[in-house]
Amino acid sequence: MSEMFITPIQPWELEINRTTSTERASSAGQNGISVFKDVFANAINDVKASEDALAKEQYLLATGQTDNPHAEPIAAAKAQLAVDLLVALRSTAMQSYSEIMRISA
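Residues numbered from 1 in each chain as written. Predicted model: local features only at pLDDT ≥ 70, side-chain atom pairs only at ≥ 80, totals over all residues. Heavy atoms only, no water.

**Looking at the overall build of the chain**
Consideration 1: Scanning the chain for helices and strands turns up two helices and zero strands.
Consideration 2: Among the 105 residues that make up the chain, the fraction classed as buried is 11%.
Consideration 3: Long-range pairs, those at least 24 residues apart, make up 61% of the contacts in the chain with a sequence separation of at least 6. (Helix = DSSP H or I, 4+ residues; strand = E, 2+ residues; numbered from the N terminus. Buried < 20%, exposed > 50% of the residue type's maximum accessible area, 1.4 Å probe, protein only. Contact = heavy atoms within 4.5 Å.)

**Overview of the environment of T66**
Consideration 1: One can find T66 in the loop between helix 1 (21–63) and helix 2 (71–104).
Consideration 2: Leaving out residues up to four positions away in the same chain, T66 has contacts with L60 and L61.
Consideration 3: Of the polar contacts made by the side chain of T66, one reaches the backbone nitrogen of N68; its length is 3.1 Å. (Polar contact = N/O pair within 3.5 Å; in protein donor to acceptor, adjacent residues only side chain to side chain.)

**Digging into the pattern of salt bridges**
Consideration 1: A full pass over the atoms with the stated rule returns one salt bridge.
Consideration 2: Linking R102 and E99 is a salt bridge whose minimum nitrogen-to-oxygen distance equals 2.9 Å. With R102 and E99 both in helix 2 and three residues apart, this pair spans about one turn of that helix. (Salt bridge = Lys/Arg side-chain N within 4 Å of Asp/Glu carboxyl O.)

**Some thoughts on the environment of A79**
Consideration 1: Along the chain, A79 falls in helix 2.
Consideration 2: Overall, the relative accessible area of 2% leaves A79 in the buried class.
Consideration 3: C-alpha of A79 to C-alpha of A53: the two residues are 26 residues apart in sequence and 8.3 Å apart in space.
Consideration 4: If sequence neighbours within four positions are ignored, A79 has contacts with S50, E51 and L54.

**Details of the environment of A41**
Consideration 1: With respect to the helices, strands and loops of the structure, A41 is situated in helix 1.
Consideration 2: A residue is classified by how much of its surface remains accessible, and A41, at 33% relative accessible area, is partly exposed.
Consideration 3: It is 9.9 Å that separates the C-alpha atoms of A41 and L86, two residues lying 45 residues apart in sequence.

**Quick notes on the side chain of E57**
Consideration 1: With respect to the element layout, E57 can be found in helix 1.
Consideration 2: Of the side chains with opposite charge, K56 lies nearest to the buried E57, which makes no salt bridge, at 5.5 Å.
Consideration 3: In this structure, E57 is in contact with A71, E72 and A75, ignoring residues within four places of it in sequence. (Lys, Arg positive; Asp, Glu negative; His and termini not counted.)

**A closer look at a nonpolar patch on the surface**
Consideration 1: A contiguous nonpolar patch, built from Y97, I100 and M101 and spanning about 320 Å² of accessible area, is present on the exposed surface.
Consideration 2: Its place among the elements puts I100 in helix 2.
Consideration 3: Owing to a relative accessible area of 52%, I100 belongs among the exposed residues under this scheme. (Patch = residues over 30% accessible without salt bridge, like charges linked within 9 Å, V, L, I, M, F, W, Y side chains within 5 Å. Areas by Shrake-Rupley, 256 points an atom, 1.4 Å probe, with all protein chains shown as cover.)

Below, the structure is given as structure tokens:
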């Protein structure tokens, strides 16, 4: 048994910068905003892509150009899940915002 089947864990290489706490807080805030924005942008893009895929599958099924009639219900389920995820993200964001406003008041 000369080959290993389990890849050993590699240590993370952390880059330690000499910055002040305000610089770190500002950087962390900007990174947080970027991540938050990216999550919503990805969710919106997923909804658009799944709706486009559903429309394509519906067209192919309606015109009889598909060999796989199961693709349309699968695409419909994916589109519905993408919308449900986006709605859940929005609801959670709104609840979080309301909670933050309640704390600061």
